[in-house]
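The lines below spell out each chain.
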Number of protein chains: 2
Amino acid sequence: MAMKIGFIGTGIMGKSMASHLMAGGHSVQIYNRSRDKAEELLARGATWFETPASLAAASDVIITIIGYPKDVEAIYLGPDGILQNAKKGCITIDMTTSSPELAKQIAVIGQERGIACLDAPVSGGDIGARDAALSIMVGGDASAYECVLPLFRLMGKTIALLGPAGAGQHTKLCNQIVIASTIMGVCEGLIYAKTAGLDPLAVLDVIGAGAAGGVQLKVQGPRMIKGDFAPGFMLEHFVKDIGLAIAEADRMGLKLPGLAQAKKLYDILMQQGHERTGYHALFELYLRKEVT
Amino acid sequence: MAMKIGFIGTGIMGKSMASHLMAGGHSVQIYNRSRDKAEELLARGATWFETPASLAAASDVIITIIGYPKDVEAIYLGPDGILQNAKKGCITIDMTTSSPELAKQIAVIGQERGIACLDAPVSGGDIGARDAALSIMVGGDASAYECVLPLFRLMGKTIALLGPAGAGQHTKLCNQIVIASTIMGVCEGLIYAKTAGLDPLAVLDVIGAGAAGGVQLKVQGPRMIKGDFAPGFMLEHFVKDIGLAIAEADRMGLKLPGLAQAKKLYDILMQQGHERTGYHALFELYLRKEVT
């Protein structure tokens, strides 16, 4: 069934995701902070709205994938925001990686207004978005989930409802927690290889085939060795995610020393102005012997 | 060409490896500290030797896979050891995870006596050994490597010569360095999932399909969740390997803070008497909130 989908956030990932929805036969309506990032989609038939409020009022489903929790809070809960203006029966889906607590708060307020609010952050980066191969981690009401599952299937490959509101965000933070220490391990294995005079690519090949093998080693390892730190996933976004995870862990009284150590290293990179490189530029810190 | 292979160290892995060599048509001769661990192989046609010296004198190739670097040092360099007693033209292969410096020292002394000494530690654990699916990381002389490659192929799947003597050990330490932080990341992701009230198995499924995916998450994750800490790979051996890696890194002036953090946690487990559980029992420390 074709739906009227309001889409907010046509950045590098959002653009691909919205385009898959259009290809799936849905009518896509767009609001974005800067209109130029939406032009390509508009040229292909998407409709432009001047405000989130007007977009919300005209949509059956509203998808957001924007920057930071503060942006999510403003666009959902602000006076000209989504929940004030969306129709009763509408379903919202926040695909930003954001705070689980905020996701719960949005869901509660949405429910009071007859709006089902899902949190559905993704993993897979720009390439996953382009290839409609994202992992989508969903929290919220099960019947709303069923209702929009066909939309998720247009954008992702691995899709799961993990629990009530906030569960999608929590799961995404688990993902980032695993990656934070893993990428540190990959950096340390490779810097050791280099320093010991081994050929790091040959080491990658052989250890990647065994118990050390994984996506980070396979994808980021060769980039680190080549010195290619272009952002597939941007460092400042990863640092944001780590910060969210640490805040939640603190709230739950949970100590995560590996994550804390990774954060310490990433903070140095941020202070040095590397926020817009790829998050695997952590390897540069090891190369420069600036780790502590 | 069938060879006379001296095999020292018929522990859980060594037993499988020696048995693959016998199945490959080679004549296997055994010395082991405790004879009872060799009985199964002896019953199937292997020959017993009372001392490493007599075994060495009667072998074309000598394979060792034993406990600690001090054991390797004693059995190779001791007065009744391999290098004093092996024939000229013999090739030795130490498959123990041991010190790269010791491997270099053994190779130098071996060369003086016309014995080529390879270091060839493995990854893949008891199951890899059983299934002849080990990764074998080799350092040493290239022609000696070519000569014994057919033997490696009977025991392993991924086999590589990484450089001169010591390069196999260095590569294995890279492997352990990557795993040390990765396993910490897996523990932290799962303890977060559990504490946040998520179903950890459902989280594993969805994040394992994306950028957090890897062998540690896939293999050790479900065991951690089940509380199954039986040793596929023993904690005290992993701690030995981490210790070797830290010693080498120190020697090279290399800081590896992720590895140091993992070591700190593993030291607590060792002090608590968990040395004979699986190394993934690190998760228990998180469960008991005893991480620092």
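These numbers come from a predicted model, not from an experiment. (Residues numbered from 1 in each chain as written. Chains lettered and ligands numbered in written order. Predicted model: local features only at pLDDT ≥ 70, side-chain atom pairs only at ≥ 80, totals over all residues. Heavy atoms only, no water.)

### Focus: the relation of the copies chain A and chain B
Consideration 1: When chain A is brought onto chain B, the operation consists of a screw motion whose angular component is 180 degrees and whose axial shift is 0.0 Å, with 0.0 Å RMSD remaining. Taken together, the rotation and translation describe the operation of a two-fold axis. Taking C-alpha positions as reference, the residue of chain A nearest the rotation axis is A:G214, located at 1.8 Å. (Least-squares fit on C-alpha atoms with pLDDT ≥ 70 in both.)

### Some remarks on the interface of chain A and chain B
Consideration 1: The partner chain B presents 60 residues to the 60 residues of chain A that form the contact.
Consideration 2: Counting the surface lost from both chain A and chain B, the interface buries some 4,700 Å², and carbon and sulfur atoms represent 72% of this.
Consideration 3: There are zero salt bridges connecting chain A and chain B.
Consideration 4: Of all the secondary-structure elements, those providing two or more residues to the side of chain A that touches chain B are strand 8 (134-139), strand 9 (156-163), helix 9 (167-195), helix 10 (200-208), helix 11 (215-226), helix 12 (235-251) and helix 13 (257-271) of chain A.
Consideration 5: The residue inventory of the side of chain A that touches chain B, partitioned by class, reads 37 nonpolar, 19 polar and four charged. (Contact = heavy atoms within 4.5 Å. Buried area = accessible area lost by both parts, 1.4 Å probe. Salt bridge = Lys/Arg side-chain N within 4 Å of Asp/Glu carboxyl O. Helix = DSSP H or I, 4+ residues; strand = E, 2+ residues; numbered from the N terminus. Nonpolar A, V, L, I, M, F, W, Y, C, P; charged D, E, K, R; others polar.)

### Focus: the environment of A:T171
Consideration 1: Structurally, A:T171 is set in helix 9.
Consideration 2: The exposure class of A:T171 is buried, given its relative accessible area of 0%.
Consideration 3: Once the C-alpha coordinates of A:T171 and A:G139 are considered, the two residues, 32 residues apart in sequence, prove to be 8.9 Å apart.
Consideration 4: Beyond its immediate chain neighbours, meaning those up to four positions away, A:T171 contacts A:M137, A:L162, B:L198, B:V203, B:V206 and B:I207. (Buried < 20%, exposed > 50% of the residue type's maximum accessible area, 1.4 Å probe, protein only.)

### Description of the pairing of strand 6 (residues 116-119) of chain B
The side chains of a regular strand alternate, first on one face of the sheet and then on the other.
Residue and element names in this part refer to chain B.
Consideration 1: Where strand 5 (residues 91-94) meets strand 6, four bridges bridge the pair, whose relative direction is parallel. Across the sheet, residue I93 finds its bridge partner in strand 6, namely L118.
Consideration 2: A crossover connection joins strand 5 to the parallel strand 6 through helix 6 (residues 100-112); in handedness this β-α-β unit is right-handed. (Pairing = 2+ DSSP bridges. Right-handed = clockwise from strand over helix to strand, strands pointing away.)

### Looking at the confidence of the model for chain A
Consideration 1: Chain-level statistics for chain A give a pLDDT mean of 97 and a share of 100% at 70 or above.
Consideration 2: Interface predicted TM-score (ipTM) for the complex: 0.96; the corresponding pTM is 0.96. (pLDDT = per-residue confidence, 0-100.)

### A short note on the domain arrangement of chain A
All names here are of chain A.
Consideration 1: With domains assigned, chain A is organised as domain 1 (4-164) and domain 2 (170-287).
Consideration 2: Taken over C-alpha atoms, the centre of domain 1 sits 28 Å from the centre of domain 2.
Consideration 3: For the pair domain 1 and domain 2, the summed buried area comes to about 1,200 Å², and 60% of that belongs to carbon and sulfur atoms.
Consideration 4: Among the residues of domain 1 in contact with domain 2, Y68, T97 and P100 are the three that bury the most area, contributing 39% of the side total.
Consideration 5: Across the pair R251 and E101 runs a salt bridge, and its minimum N-O distance is 3.1 Å.
Consideration 6: For the pair domain 1 and domain 2, the interface holds five residue pairs in polar contact (both at pLDDT 80 or more).
Consideration 7: Listed by contribution, the elements that provide at least two residues to the side of domain 1 that touches domain 2 are helix 6 (100-112) and strand 7 (122-123).
Consideration 8: Among the elements that line the side of domain 1 that touches domain 2, the one with the most residues is helix 6, at three residues.
Consideration 9: Counted by class, the side of domain 1 that touches domain 2 contains seven nonpolar, six polar and three charged residues. (Domains from an automatic or database assignment. Polar contact = N/O pair within 3.5 Å; in protein donor to acceptor, adjacent residues only side chain to side chain.)

### Quick word on the pairing of strand 8 of chain A
Residue and element names in this part refer to chain A.
Consideration 1: Of all six residues in strand 8, six are buried, a share of seventy percent or more.
Consideration 2: Neither face of strand 8 is left uncovered, since the one carrying L134, I136 and V138 and the one carrying S135, M137 and G139 both have all their residues buried.
Consideration 3: Direction of pairing for strand 7 relative to strand 8: antiparallel, over a ladder of two bridges. Across the sheet, the residue bridging to V122 is I136, located in strand 8.
Consideration 4: Pairing of strand 8 with strand 9, which is carried by six bridges, proceeds in the parallel orientation. By the bridge assignment for strand 9, S135 is matched with T158.
Consideration 5: A crossover connection joins strand 8 to the parallel strand 9 through helix 8 (residues 142-155); in handedness this β-α-β unit is right-handed.

### Some thoughts on the environment of A:S19
Residues and elements named next belong to chain A.
Consideration 1: Counting through the fold element by element, S19 comes out in helix 1 (residues 12-23).
Consideration 2: Judged by its relative accessible area of 13%, S19 falls in the buried class.
Consideration 3: It is 28 Å that separates the C-alpha atoms of S19 and P164, two residues lying 145 residues apart in sequence.
Consideration 4: Not counting residues within four places of it along the chain, the set of residues in contact with S19 comprises L41 and R44.

### Topic: the pattern of salt bridges
If charged atoms from side chains of opposite charge come close, those side chains can pair.
All names here are of chain A.
Consideration 1: As enumerated under the stated definition, the model contains 26 salt bridges over all chains in all.
Consideration 2: Across the pair E40 and K15 runs a salt bridge whose closest N-O atoms are separated by 3.4 Å. Of this pair, E40 sits in helix 2 (residues 39-43) while K15 sits in helix 1, and the two are 25 residues apart along the sequence.
Consideration 3: Looking at K15, the relative accessible area reads 29%, which means it is partly exposed.
Consideration 4: In this structure, the salt-bridge partner of R33 is D71, at a minimum N-O distance of 3.8 Å. Within this pair, whereas R33 is found in the loop between strand 2 (27-31) and helix 2, its partner D71 is found in helix 4 (residues 69-77), the two being separated by 38 residues in sequence.
Consideration 5: Note on D71: relative accessible area 14%, which makes it buried.

### With respect to the environment of A:T158
Consideration 1: Residue placement: A:T158 occurs in strand 9.
Consideration 2: Residues A:T158 and A:I136 lie 22 residues apart in sequence; the distance between their C-alpha atoms is 6.2 Å.
Consideration 3: Once you skip the residues sitting within four places of it in the chain, A:T158 turns out to touch A:L134, A:S135, A:I136, B:V206 and B:A209.

### Describing unusual backbone geometry
Residues and elements named next belong to chain A.
Consideration 1: With phi around 55 degrees, A132 is a residue other than glycine that occupies positive phi space.
Consideration 2: Here A132 is to be found in the loop between helix 7 (125-130) and strand 8.
Consideration 3: Not every positive phi belongs to a glycine, and K289 is a case in point at roughly 55 degrees.
Consideration 4: Examined against the element boundaries, K289 turns out to sit in the segment after helix 14 (282-287).
Consideration 5: Note on K289: relative accessible area 56%, which makes it exposed.

### With respect to the nonpolar core
Consideration 1: Ranked by internal contacts, the top residues of the largest apolar core, which has 100 residues, are A:Y266, A:L282, B:Y266 and B:L282.
Consideration 2: The residues touching B:L282, leaving out its near neighbours within four places in the chain, are B:I183, B:M184, B:C187, B:L265, B:Y266 and B:L269. (Core = buried A, V, L, I, M, F, W, Y, C linked by side-chain atoms within 4.5 Å.)

### Regarding the packing of aromatic side chains
Consideration 1: Applying the stated criterion to the full structure yields twelve aromatic pairs over all chains.
Consideration 2: Judged by centre distance (5.0 Å) and plane angle (45 degrees), the rings of B:F238 and B:Y279 are tilted. Of the two residues, B:F238 is situated in helix 12 (residues 235-251) and B:Y279 in the loop between helix 13 (257-271) and helix 14 (282-287); the sequence distance between them amounts to 41 residues. Pair check on accessibility: B:F238 and B:Y279 agree, each one buried.
Consideration 3: Taken together, the ring pairs in this structure connect A:F233, A:F238, A:Y266 and A:Y279 into an aromatic cluster.
Consideration 4: Residue placement shows A:K240 over the ring face of A:Y68; its charged tip is 5.5 Å from the ring centre. (Phe/Tyr/Trp six-rings, centres within 6.5 Å; stacked < 30°, edge-to-face > 60°. Lys NZ or Arg CZ within 6 Å of the ring centre and 35° of its normal.)

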